[in-house]
Amino acid sequence: MTHTVSDRISTIAPDRPVLIAGPTASGKSELALRIAEAQGGVVINADAIQVYSDWRVLTARPSAEDEIRAPHALYGHVAGDVPYSVGDWLRDVEPLLSGNKRPIIIGGTGLYFTALTEGLAQIPATPDDIRTTAMQRIASEGHSTLAEELDAKTAARIDLANPMRVQRAWEVLTNTGKGLADWQDATDPPRLRLNEVTALVINAEKDWLTPRIEARFDKMLETGAMEEARANRPTWSPNLPSAKAIGAAELMAVIDGTMSLQAARDRSTILTRQFAKRQRTWFRARMRDWQSVDAREL
(Lines give C-alpha, C1' and ligand atoms only; values in the text may rest on other atoms or scores of the structure.)
Protein backbone atom coordinates (compact mmCIF):
# COMPACT_ATOMS: atom_id res chain seq x y z
CA MET A 1 0.00 0.00 0.00
CA THR A 2 1.33 3.44 -0.94
CA HIS A 3 1.06 6.23 1.63
CA THR A 4 1.26 9.97 1.10
CA VAL A 5 3.08 12.34 3.43
CA SER A 6 -0.30 13.54 4.69
CA ASP A 7 -1.32 9.94 5.44
CA ARG A 8 1.88 9.46 7.39
CA ILE A 9 1.46 12.64 9.42
CA SER A 10 -2.16 11.84 10.25
CA THR A 11 -0.99 8.74 12.17
CA ILE A 12 1.41 10.72 14.39
CA ALA A 13 0.21 11.72 17.86
CA PRO A 14 0.42 15.54 17.96
CA ASP A 15 1.25 15.65 21.67
CA ARG A 16 4.32 13.38 21.53
CA PRO A 17 7.93 14.20 20.67
CA VAL A 18 8.94 12.91 17.23
CA LEU A 19 12.29 11.35 16.37
CA ILE A 20 13.22 10.96 12.70
CA ALA A 21 16.41 9.11 11.80
CA GLY A 22 17.54 8.37 8.28
CA PRO A 23 20.49 8.32 5.90
CA THR A 24 21.66 11.42 4.10
CA ALA A 25 19.44 12.64 1.24
CA SER A 26 16.53 10.38 2.25
CA GLY A 27 13.92 13.13 2.64
CA LYS A 28 13.77 13.28 6.43
CA SER A 29 14.13 17.08 6.60
CA GLU A 30 11.05 17.66 4.47
CA LEU A 31 9.08 15.18 6.58
CA ALA A 32 10.09 17.02 9.76
CA LEU A 33 9.04 20.34 8.24
CA ARG A 34 5.68 19.01 7.15
CA ILE A 35 5.01 17.62 10.64
CA ALA A 36 5.96 20.95 12.22
CA GLU A 37 3.71 22.85 9.83
CA ALA A 38 0.77 20.49 10.32
CA GLN A 39 1.02 19.88 14.06
CA GLY A 40 3.44 22.43 15.47
CA GLY A 41 6.84 21.96 17.02
CA VAL A 42 10.51 22.91 16.75
CA VAL A 43 12.80 21.02 14.37
CA ILE A 44 15.92 20.02 16.32
CA ASN A 45 19.15 18.88 14.69
CA ALA A 46 20.60 15.45 15.47
CA ASP A 47 23.40 15.49 12.91
CA ALA A 48 26.97 15.74 14.19
CA ILE A 49 28.22 17.83 11.25
CA GLN A 50 25.27 20.18 10.87
CA VAL A 51 26.03 21.63 14.32
CA TYR A 52 28.98 23.53 12.82
CA SER A 53 28.65 27.11 11.67
CA ASP A 54 31.22 27.16 8.86
CA TRP A 55 29.60 24.71 6.43
CA ARG A 56 25.94 25.49 5.80
CA VAL A 57 25.61 24.60 2.11
CA LEU A 58 27.97 21.63 2.11
CA THR A 59 26.29 19.96 5.09
CA ALA A 60 22.78 20.59 3.70
CA ARG A 61 21.66 22.53 6.74
CA PRO A 62 18.12 23.92 6.48
CA SER A 63 17.84 26.94 4.22
CA ALA A 64 16.61 30.35 5.29
CA GLU A 65 13.31 29.49 3.59
CA ASP A 66 13.02 26.29 5.63
CA GLU A 67 13.66 28.21 8.83
CA ILE A 68 10.74 30.49 7.98
CA ARG A 69 8.45 27.49 7.64
CA ALA A 70 9.14 26.24 11.18
CA PRO A 71 11.38 27.01 14.18
CA HIS A 72 14.77 25.25 14.10
CA ALA A 73 17.38 24.60 16.82
CA LEU A 74 20.94 23.30 17.19
CA TYR A 75 21.92 23.99 13.58
CA GLY A 76 25.21 25.82 13.03
CA HIS A 77 25.54 26.81 16.67
CA VAL A 78 29.12 25.54 17.18
CA ALA A 79 32.30 27.13 15.79
CA GLY A 80 34.17 24.89 13.35
CA ASP A 81 37.27 24.62 15.54
CA VAL A 82 35.41 23.44 18.66
CA PRO A 83 35.17 19.67 19.37
CA TYR A 84 31.56 18.64 19.97
CA SER A 85 30.58 15.31 21.52
CA VAL A 86 27.35 13.42 21.96
CA GLY A 87 27.45 14.53 25.59
CA ASP A 88 27.58 18.15 24.45
CA TRP A 89 24.57 17.53 22.23
CA LEU A 90 22.58 15.95 25.07
CA ARG A 91 23.36 18.98 27.22
CA ASP A 92 22.22 21.36 24.49
CA VAL A 93 19.06 19.43 23.64
CA GLU A 94 17.93 19.08 27.26
CA PRO A 95 16.18 22.48 27.64
CA LEU A 96 14.44 21.94 24.30
CA LEU A 97 12.85 18.74 25.57
CA SER A 98 11.08 20.56 28.37
CA GLY A 99 10.34 23.80 26.53
CA ASN A 100 6.97 25.05 25.35
CA LYS A 101 7.40 23.71 21.80
CA ARG A 102 7.06 20.07 20.92
CA PRO A 103 10.46 18.62 19.85
CA ILE A 104 10.82 17.10 16.39
CA ILE A 105 14.35 15.69 16.47
CA ILE A 106 15.83 14.80 13.11
CA GLY A 107 19.21 13.65 11.85
CA GLY A 108 21.51 10.96 10.63
CA THR A 109 23.81 10.55 13.64
CA GLY A 110 22.64 7.30 15.18
CA LEU A 111 24.72 7.76 18.31
CA TYR A 112 22.79 10.93 19.23
CA PHE A 113 19.50 9.04 19.05
CA THR A 114 20.71 6.00 20.98
CA ALA A 115 22.16 8.24 23.69
CA LEU A 116 18.84 10.07 23.91
CA THR A 117 16.69 6.92 24.07
CA GLU A 118 19.06 4.45 25.73
CA GLY A 119 21.22 6.67 27.94
CA LEU A 120 24.82 7.85 27.86
CA ALA A 121 27.77 7.01 30.07
CA GLN A 122 29.17 9.93 32.05
CA ILE A 123 32.70 9.84 30.64
CA PRO A 124 35.20 12.40 32.00
CA ALA A 125 36.05 15.25 29.63
CA THR A 126 39.16 14.74 27.50
CA PRO A 127 42.07 17.08 28.38
CA ASP A 128 43.20 19.36 25.57
CA ASP A 129 46.68 17.82 25.37
CA ILE A 130 45.29 14.31 24.77
CA ARG A 131 42.90 15.59 22.09
CA THR A 132 45.71 17.51 20.41
CA THR A 133 47.90 14.40 20.41
CA ALA A 134 45.07 12.35 18.89
CA MET A 135 44.46 14.88 16.13
CA GLN A 136 48.16 15.20 15.35
CA ARG A 137 48.60 11.44 15.17
CA ILE A 138 45.60 11.02 12.89
CA ALA A 139 46.96 13.74 10.62
CA SER A 140 50.43 12.16 10.42
CA GLU A 141 49.74 8.43 10.80
CA GLY A 142 46.08 7.93 9.95
CA HIS A 143 43.30 6.88 12.32
CA SER A 144 43.99 3.15 11.83
CA THR A 145 47.06 3.38 14.07
CA LEU A 146 44.90 4.66 16.92
CA ALA A 147 42.36 1.92 16.22
CA GLU A 148 45.06 -0.70 16.73
CA GLU A 149 45.64 0.62 20.26
CA LEU A 150 42.03 0.31 21.39
CA ASP A 151 40.84 -2.38 23.79
CA ALA A 152 39.25 -5.37 22.07
CA LYS A 153 35.78 -4.78 23.50
CA THR A 154 35.61 -1.22 22.19
CA ALA A 155 37.17 -2.13 18.84
CA ALA A 156 34.47 -4.74 18.30
CA ARG A 157 31.71 -2.24 19.05
CA ILE A 158 32.54 0.98 17.20
CA ASP A 159 32.82 1.79 13.50
CA LEU A 160 36.58 1.50 12.94
CA ALA A 161 36.22 3.14 9.51
CA ASN A 162 35.02 6.36 11.15
CA PRO A 163 37.98 8.53 12.24
CA MET A 164 35.86 10.55 14.68
CA ARG A 165 34.64 7.42 16.48
CA VAL A 166 38.18 6.00 16.66
CA GLN A 167 39.58 9.28 17.94
CA ARG A 168 36.93 9.51 20.65
CA ALA A 169 37.52 5.92 21.79
CA TRP A 170 41.29 6.40 21.85
CA GLU A 171 40.97 9.62 23.86
CA VAL A 172 38.73 7.95 26.45
CA LEU A 173 41.08 4.98 26.88
CA THR A 174 44.16 7.19 27.08
CA ASN A 175 42.57 9.60 29.54
CA THR A 176 40.80 7.18 31.87
CA GLY A 177 42.55 3.86 31.40
CA LYS A 178 39.13 2.32 30.80
CA GLY A 179 37.72 1.43 27.38
CA LEU A 180 34.79 3.32 25.87
CA ALA A 181 32.71 0.13 25.74
CA ASP A 182 33.08 -0.33 29.52
CA TRP A 183 31.98 3.26 30.09
CA GLN A 184 29.00 2.75 27.79
CA ASP A 185 27.93 -0.33 29.72
CA ALA A 186 27.50 1.85 32.82
CA THR A 187 24.99 4.33 31.40
CA ASP A 188 22.53 6.80 32.91
CA PRO A 189 18.80 6.33 32.25
CA PRO A 190 17.58 7.56 28.84
CA ARG A 191 16.17 11.07 28.55
CA LEU A 192 13.34 9.96 26.23
CA ARG A 193 12.05 6.41 26.16
CA LEU A 194 10.79 4.91 22.92
CA ASN A 195 7.34 4.26 24.39
CA GLU A 196 7.03 8.00 25.06
CA VAL A 197 7.74 9.20 21.53
CA THR A 198 6.98 8.61 17.87
CA ALA A 199 10.23 7.13 16.57
CA LEU A 200 10.58 6.88 12.79
CA VAL A 201 13.56 5.51 10.88
CA ILE A 202 13.59 6.07 7.13
CA ASN A 203 14.45 3.06 5.01
CA ALA A 204 16.12 4.21 1.77
CA GLU A 205 17.48 1.51 -0.50
CA LYS A 206 20.77 2.03 -2.33
CA ASP A 207 19.36 2.12 -5.86
CA TRP A 208 16.80 4.76 -4.89
CA LEU A 209 19.16 6.83 -2.76
CA THR A 210 22.23 7.00 -5.03
CA PRO A 211 20.71 9.30 -7.69
CA ARG A 212 19.44 11.61 -4.94
CA ILE A 213 22.92 11.82 -3.42
CA GLU A 214 24.41 12.72 -6.79
CA ALA A 215 21.72 15.31 -7.50
CA ARG A 216 22.08 16.85 -4.05
CA PHE A 217 25.81 17.42 -4.41
CA ASP A 218 25.23 19.06 -7.80
CA LYS A 219 22.65 21.32 -6.15
CA MET A 220 25.17 22.20 -3.44
CA LEU A 221 27.61 23.32 -6.11
CA GLU A 222 24.86 25.34 -7.81
CA THR A 223 23.83 27.05 -4.58
CA GLY A 224 27.21 28.17 -3.31
CA ALA A 225 29.29 25.29 -1.96
CA MET A 226 32.36 26.47 -3.87
CA GLU A 227 31.96 30.02 -2.59
CA GLU A 228 31.54 28.65 0.93
CA ALA A 229 34.80 26.71 0.54
CA ARG A 230 36.64 29.83 -0.62
CA ALA A 231 35.36 31.72 2.41
CA ASN A 232 36.65 28.95 4.69
CA ARG A 233 40.02 28.52 2.95
CA PRO A 234 42.03 31.05 5.06
CA THR A 235 41.33 29.14 8.28
CA TRP A 236 41.02 25.66 6.78
CA SER A 237 42.79 22.70 8.34
CA PRO A 238 41.98 19.00 7.92
CA ASN A 239 42.33 18.72 11.69
CA LEU A 240 39.34 20.96 12.40
CA PRO A 241 36.34 19.10 13.84
CA SER A 242 34.16 20.58 11.08
CA ALA A 243 36.59 19.32 8.41
CA LYS A 244 34.78 15.98 8.56
CA ALA A 245 32.07 17.50 6.34
CA ILE A 246 32.03 15.33 3.23
CA GLY A 247 33.36 17.25 0.24
CA ALA A 248 35.21 19.86 2.28
CA ALA A 249 38.70 18.48 1.63
CA GLU A 250 37.86 17.91 -2.03
CA LEU A 251 36.66 21.47 -2.60
CA MET A 252 39.77 22.79 -0.87
CA ALA A 253 41.83 20.72 -3.30
CA VAL A 254 39.97 22.37 -6.18
CA ILE A 255 40.81 25.79 -4.77
CA ASP A 256 44.46 24.76 -4.36
CA GLY A 257 44.59 23.48 -7.94
CA THR A 258 45.34 19.86 -7.05
CA MET A 259 41.97 18.42 -8.10
CA SER A 260 39.47 19.21 -10.83
CA LEU A 261 35.92 20.17 -9.90
CA GLN A 262 34.58 17.05 -11.65
CA ALA A 263 36.97 14.82 -9.70
CA ALA A 264 35.93 16.55 -6.47
CA ARG A 265 32.30 16.00 -7.34
CA ASP A 266 32.85 12.32 -8.13
CA ARG A 267 34.93 11.72 -5.01
CA SER A 268 32.44 13.49 -2.75
CA THR A 269 29.47 11.54 -4.05
CA ILE A 270 31.36 8.26 -3.56
CA LEU A 271 32.17 9.23 0.03
CA THR A 272 28.55 10.21 0.63
CA ARG A 273 27.30 6.86 -0.69
CA GLN A 274 29.73 5.05 1.61
CA PHE A 275 28.59 7.18 4.53
CA ALA A 276 24.94 6.47 3.78
CA LYS A 277 25.72 2.74 3.74
CA ARG A 278 27.26 3.00 7.23
CA GLN A 279 24.19 4.91 8.41
CA ARG A 280 21.83 2.26 7.08
CA THR A 281 23.89 -0.45 8.77
CA TRP A 282 23.68 1.38 12.11
CA PHE A 283 19.94 1.91 11.83
CA ARG A 284 19.29 -1.74 10.99
CA ALA A 285 21.38 -2.90 13.94
CA ARG A 286 20.31 -0.37 16.58
CA MET A 287 16.81 0.77 15.62
CA ARG A 288 14.86 -2.44 15.20
CA ASP A 289 12.16 -1.15 17.57
CA TRP A 290 11.61 2.06 15.60
CA GLN A 291 8.82 2.40 13.05
CA SER A 292 10.26 1.91 9.57
CA VAL A 293 9.19 4.36 6.88
CA ASP A 294 9.81 3.69 3.19
CA ALA A 295 11.58 6.74 1.77
CA ARG A 296 9.69 6.34 -1.49
CA GLU A 297 6.46 7.13 0.34
CA LEU A 298 7.63 10.53 1.56
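In this report, the structure presented in the accompanying data block is examined. (Residues numbered from 1 in each chain as written. Predicted model: local features only at pLDDT ≥ 70, side-chain atom pairs only at ≥ 80, totals over all residues. Heavy atoms only, no water.)

**A word on the overall build of the protein**
Helix and strand counts for the protein come out as 14 helices and six strands. The C-alpha atoms of the protein give a radius of gyration of 19 Å, which matches the 19 Å a tight globule of 298 residues would have. Its C-alpha atoms put the protein at 50 × 50 × 35 Å along the principal axes. With the model as given, the accessible surface of the protein reaches about 14300 Å², and the carbon-plus-sulfur share is 50%. Charge separation in the protein, taken as the distance between the mean sites of 36 positive and 39 negative side-chain charges, equals 3 Å. (Helix = DSSP H or I, 4+ residues; strand = E, 2+ residues; numbered from the N terminus. Rg over C-alpha atoms; globule rule 2.2 N^0.38 Å. Areas by Shrake-Rupley, 256 points an atom, 1.4 Å probe, with all protein chains shown as cover. Lys, Arg positive; Asp, Glu negative; His and termini not counted. Charge placed at Lys NZ, Arg CZ, Asp CG, Glu CD.)

**Brief notes about the nonpolar core**
Formed by 30 residues in total, the largest nonpolar core has its most connected members in L19, W89, V93, I105, F113, L116 and W290. Top contributing element to this core by residue count: helix α4 (residues 86-97), with five residues. Ignoring any residue separated from it by four or fewer positions in sequence, one finds W290 in contact with L19, A21, F113, L194, A199, L200 and V201. Of all hydrophobic cores here, the second largest spans 23 residues; its members include I12, A32, I213 and A276. (Core = buried A, V, L, I, M, F, W, Y, C linked by side-chain atoms within 4.5 Å. Buried < 20%, exposed > 50% of the residue type's maximum accessible area, 1.4 Å probe, protein only. Contact = heavy atoms within 4.5 Å.)

**Focus: the pairing of strand β2 (residues 42-45)**
Burial along β2 is two-sided: V42 and I44 facing one way and V43 and N45 facing the other are all buried. Here β2 pairs with strand β4 (residues 103-107) via four bridges, running parallel. Directly across from I44, in β4, lies its bridge partner I105. Relative to strand β3 (residues 72-73), β2 is paired through two bridges, and the arrangement is parallel. Each residue of the ladder has a partner; that of V43, found in β3, is H72. Traced from β2 through helix α3 (residues 64-69) to β3, the parallel crossover comes out right-handed. (Pairing = 2+ DSSP bridges. Right-handed = clockwise from strand over helix to strand, strands pointing away.)

**Comments concerning the pattern of salt bridges**
Between side chains of opposite charge, pairing is possible as soon as their charged atoms come close. Per the stated rule, a full pass over the model turns up 20 salt bridges. Of the charged contacts, one joins R286 and E118 as a salt bridge, the two residues approaching to 3.1 Å between their closest N and O atoms. With R286 in helix α14 (residues 261-286) and E118 in helix α5 (residues 110-118), this pair connects stretches of sequence that are 168 residues apart. Given a relative accessible area of 37%, R286 falls into the partly exposed group. D256 is the partner of R233 in a salt bridge, and the nearest nitrogen-oxygen pair spans 3.0 Å. (Salt bridge = Lys/Arg side-chain N within 4 Å of Asp/Glu carboxyl O.)

**What about the side chain of T269?**
Within the secondary structure layout, T269 lies in helix α14. The contact partners of T269, leaving out residues within four places of it in the chain, are I213, E214 and F217.

**Remarks on the packing of helix α6 (residues 128-141) against helix α9 (residues 163-176)**
Angle between the axes and distance between the axes are the two parameters that describe a pair of packed helices. Packing of α6 against α9 leaves a shortest axis separation of 10 Å and a crossing angle of 135°. Here α6 is positioned oblique relative to α9, judged by the angle of their axes. For the element pair α6 and α9, the recorded crossing hand is right-handed. Residues I130, R131, T133, A134, M135, R137 and I138 of α6 touch α9, and the partners they reach there are P163, Q167, R168, W170, E171, T174 and N175. (Axes fitted to C-alpha atoms, helices over the stretch in contact; angles between N-to-C directions. Parallel < 35°, antiparallel > 145°, perpendicular 65-115°, else oblique. Left-handed = near helix turned anticlockwise from the far one by under 90°.)

**Concerning the sheet that holds β4**
Overall, parallel pairing links the six strands, which are arranged β3-β2-β4-β1-β5-β6 in an open sheet. Of all strands in the sheet, those with a lone pairing partner are β3 and β6 (291-294), marking the two edges. Both strand β1 (residues 18-21) and β4 contribute to a ladder of four bridges, which runs parallel. Across the sheet, V18 pairs through a bridge with I104, a residue of β4.

**A short note on the environment of V51**
Among the structural elements, V51 can be located in the loop between β2 and α3. Through-space distance from the C-alpha of V51 to that of E227 is 20 Å; in sequence the pair is 176 residues apart. Those residues in contact with V51 that sit more than four places away from it in its chain are N45, L74, Y75, G76, H77, V78 and Y84.

**Quick look at the packing of aromatic side chains**
This model, assessed by the stated rule, comprises two aromatic pairs. Ring centres of W89 and Y112 lie 4.7 Å apart, and the angle between their planes is 15°; on these two criteria the pair is classed as stacked. Here Y112 lies in helix α5 and W89 lies in helix α4, a separation of 23 residues in the sequence. This pair shows no difference in class: W89 is buried, exactly as Y112 is. For the ring pair F113 and W290, a centre distance of 5.4 Å and an interplane angle of 85° mean the geometry is edge-to-face. In this pair, F113 sits in helix α5 while W290 sits in the loop between α14 and β6, placing the two residues 177 residues apart along the sequence. The burial state of F113 is the same as that of W290; both residues are buried. Between the NZ or CZ atom of K178 and the centre of the ring of W183, over which it lies, the distance is 3.9 Å. (Phe/Tyr/Trp six-rings, centres within 6.5 Å; stacked < 30°, edge-to-face > 60°. Lys NZ or Arg CZ within 6 Å of the ring centre and 35° of its normal.)

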